[in-house]
Amino acid sequence: MGGKDTAGESVYESTNPARPGEVVARVGLADAAAFAAACRTAKEAQREWAKVPAPVRGRVIASIGRLVEANAESLARLVTREIGKPYAEALGEVREIVDTCDFFLGEGRRLYGQTVPSEMPDKNLFTFRNPVGVAAVITAGNFPVAVPSWYLVPALLCGNAVVWKPAEYAAASAEAMYRLFAASGLPDGVLNVVFADGAQTFAGLELALEEGSVHKVGFTGSSEVGRKVGELAGRHLQSACLELGGKNPMVIMPDAELDLAVEGALFSGFGTAGQRCTSLGTVIVHESVHDEFVERFARAAREARIGDPEQDVLAGPLLDQKFADRYEEYLTWIQPHHQVVSGSTGKITKDNPRGDFDGDGGLYYHPVIVDGVRPGDRLFLEETFGPIVGVTTFTSLDEAVELANRPGYGLSSSIYTTDPKHAFRFREGISAGMVSVNNSTSGAEAHLPFGGNGKSGNGSRQSGVWVLDQFTRWQAMNWDFSGRLQKAQMDVAEIVPDLEFRL
Ligand code: NAD
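These remarks concern the structure in this document. Nothing here was measured: the structure is a model prediction, and the numbers come from that model. (Residues numbered from 1 in each chain as written. Predicted model: local features only at pLDDT ≥ 70, side-chain atom pairs only at ≥ 80, totals over all residues. Heavy atoms only, no water.)

### Examining a nonpolar patch on the surface
Quick note on the threshold: Patch definition: residues above 30% relative accessible area lacking any salt bridge, with like charges linked at up to 9 Å and the nonpolar side chains Val, Leu, Ile, Met, Phe, Trp and Tyr linked at up to 5 Å. Each accessible area is a Shrake-Rupley result for a 1.4 Å probe, and residues are judged covered by the shown protein chains and nothing else. By definition, a salt bridge exists where a carboxyl oxygen of Asp or Glu is found within 4 Å of a side-chain nitrogen of Lys or Arg. Here a strand is any run of E in DSSP of at least two residues, a helix any run of H or I of at least four, and the numbering for each starts at the N terminus.
A surface patch of nonpolar side chains, about 430 Å² in accessible area, is lined by Phe 128, Met 477, Trp 479 and Phe 481. Along the chain, the position of Phe 481 falls in the segment after strand S17 (472–480).

### Some details on the nonpolar core
Put simply, the rule reads: Here, nonpolar core means buried Ala, Val, Leu, Ile, Met, Phe, Trp, Tyr and Cys residues that are tied together by side-chain atoms lying within 4.5 Å of each other. Think of it in three bands: with a 1.4 Å probe and only protein chains considered, a residue is buried below 20% of the maximum accessible area for its type, exposed above 50%, and partly exposed in between. Contacts were defined at the residue level, with two residues in contact if any of their heavy atoms lie within 4.5 Å.
Of all hydrophobic cores here, the largest spans 96 residues; its most connected members are Leu 152 and Phe 181. Examining the composition of this core, we find that 8 residues originate from one element, helix H6 (residues 171–182), more than from any other. Excluding its chain neighbours within four sequence positions, the residues that come into contact with Phe 181 are Ile 64, Leu 152, Val 153, Leu 156, Leu 186 and Leu 191. Val 134, Val 194, Ala 196 and Leu 242 belong to the second largest nonpolar core, which has 25 residues in total.

### Some remarks on helix H13 (residues 397–405)
Rules: In this context, the arc is that of the directions from the helix axis out to the C-beta atoms.
Those residues of H13 that fall on the buried side of the exposure criterion are Leu 397, Ala 400, Val 401, Leu 403 and Ala 404. Seen end-on, H13 carries its buried residues on one side only, within an arc spanning 165°. Tucked into the core, H13 has its buried residues touching strand S10 (248–252), strand S11 (280–286), helix H12 (378–381), strand S14 (388–394), strand S15 (412–416) and helix H14 (420–429).

### A short note on the pairing of strand S2 (residues 19–29)
Selection rule: Any two strands between which DSSP finds at least two bridges are classified as paired.
For strand S1 (residues 10–16) and S2, the ladder comprises 7 bridges, and the chain directions are antiparallel. If you follow Ser 10 over to S2, its bridge partner there is Leu 29. Counting the residues between successive antiparallel strands, the hairpin from S1 to S2 contains 2 residues.

### A short note on empty space enclosed by the protein
Short version of the rule: In this analysis, the protein atoms alone were mapped onto a 1 Å grid. Cavities are point sets where a 1.4 Å probe fits without being able to get out; pockets are open sets with protein on both sides within 12 Å along at least five of seven lines; lining residues have an atom within 4 Å of a point. Grid points are joined across faces, edges and corners, and a volume is the space filled by probe spheres set on the points. When residue character is reported, Ala, Val, Leu, Ile, Met, Phe, Trp, Tyr, Cys and Pro are called nonpolar, Asp, Glu, Lys and Arg charged, and the others, Gly included, polar.
A full pass over the atoms with the stated rule returns 4 cavities of 30 Å³ or more. Within this model, the largest cavity holds a volume of roughly 90 Å³. Looking at the largest cavity, it is lined by 15 residues, and the ones nearest its centre are Gly 246, Ser 279, Leu 280, Gly 281 and Thr 384. Of the residues in the lining of the largest cavity, the class split is 4 nonpolar, 8 polar and 3 charged. Its volume calculated, the second largest cavity comes out at about 70 Å³. Together, 15 residues line the second largest cavity, and Lys 247, Pro 249, Ala 404, Tyr 409 and Gly 410 are the ones closest to its centre. When residues of the lining of the second largest cavity are traced back to their parent elements, those giving at least two are S10, H13 and S15. Of the residues assigned to the lining of the second largest cavity, the class counts are 7 nonpolar, 7 polar and 1 charged.

### A look at the layout of surface pockets
Of the pockets and cavities examined, the largest pocket occupies roughly 960 Å³. As for the largest pocket, its lining consists of 42 residues, and the residues nearest its centre are Gly 221, Ser 222, Val 225, Lys 322 and Arg 326. Elements supplying a minimum of two residues to the lining of the largest pocket: helix H5 (146–157), helix H7 (198–211), strand S8 (216–220), helix H8 (223–235) and helix H11 (321–331). Looking at which element gives the most residues to the lining of the largest pocket, the answer is H8, with 5 residues. Volume-wise, the second largest pocket comes out at about 620 Å³. Along its surface, the second largest pocket is lined by 31 residues, and Ser 442, Gly 443, Ala 444, Glu 445 and Phe 450 are the ones closest to its centre. When residues in the lining of the second largest pocket are grouped by element, the largest group, 6 residues, is from helix H4 (residues 87–107). Of the residues assigned to the lining of the second largest pocket, the class counts are 13 nonpolar, 10 polar and 8 charged.

Have a look at this one:
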């Protein structure tokens, strides 16, 4: 799609997780050769796109923002139908695309380079931001439109062409987003969408890297796949932009406002059914407030509304059967030394209902809080994408920070405290790329750097001005108008100080 429609080898059906029998989209999956062909198409188109002045590209981004805004409700409805994200959240996700466009449309009139003083006379130095070329972007489907826009919008603005490989289970949302972008007047081949499975994507990317038709890889997904994609890019001397999983801690100090902390833990633990990269992993609560916190948190989880994502609910179903299967495996990590304090676990069915909700045949799961989690437990150490939150205790802030860093991810984190000293000590010690104070672990804004460290990524950042470094390369230019060869370091005037001088 984009340059040209690729004839799919096999057909994938994306279904509605609230009503798994309902097919939302049927797409052909491309093979490796088709992926590589899309990259060649992009490479052709990029040359002309890079010549379009950046302010004009900025106006295209402005049009995309307007188109998305005008179609916000239908796009959000589609996201809800395809991945089960509650409608209010889906609308927020669509808003994030508009915010991203709002930020980058102005960048088209900035994209500043610098003039830099030279160490020699009659010589000028400059820096320019050049587009990278073709960006191959591979994304997860839990944020099927917002997270891709964090790549697509700045990449296009900077003069790159893009080959986007969305998650299969979010194909309809991706196709709708592609059509909105295309309606902005983007020239053919500048943005291309390829649906493919993981194996063919990897093989296609390898081919394209070998052919020299991909110059930047953007990957949002699991740490496991991110590692492979990062290795592949590294073999071609490229550093991929890797946005991976998280095991996001929330520290609750004895001076915290507990009701606020409970609200934050509920939203970040179970909103989006715990399927955000920034979802809460483990609550690390001071032993003096543990019992009170757990009691309130468990009550809030029991009372939370899970159900039809088109209604006003905290969470809908899991994204897709693949995630339900994986989540059921995480539930087996609950050990005898753990206490489940939230009531029932597992799939919501007629035999395992949630109040009067019997799950309606959808991929709905009970939210689970596991108390008594220990630092050596799998539940403590690994990402558990889905509605399950662990709880453990600490006695000193240093211990809390050490526990928060222990799993080795480093995406988001949060502390609840009323003492600024605790907030700043936490900020300094935590290895995460993002820190919330008296706020949940979730909730990015389009103009703040987003990204992680450790198992959450390789230090790349998206959003705001920071992402420009992913999609441009600095070029340094020097221009000597002295009429002679002036040699740097050698032909530099020297002003001799009297270093023996004393008062
Ligand atoms: P995933 O890693 O299984 O898949 C992500 C994308 O990669 C999909 O498009 C998939 O088809 C593709 N893929 C799979 N195997 C591949 C391979 N070998 N080579 C190339 N591409 C391949 O991730 P998922 O399960 O779909 O998504 C959930 C994960 O994504 C979670 O770990 C979550 O934390 C993470 N995530 C991170 C962020 C972030 O910004 N840090 C945002 C959203 C999701």
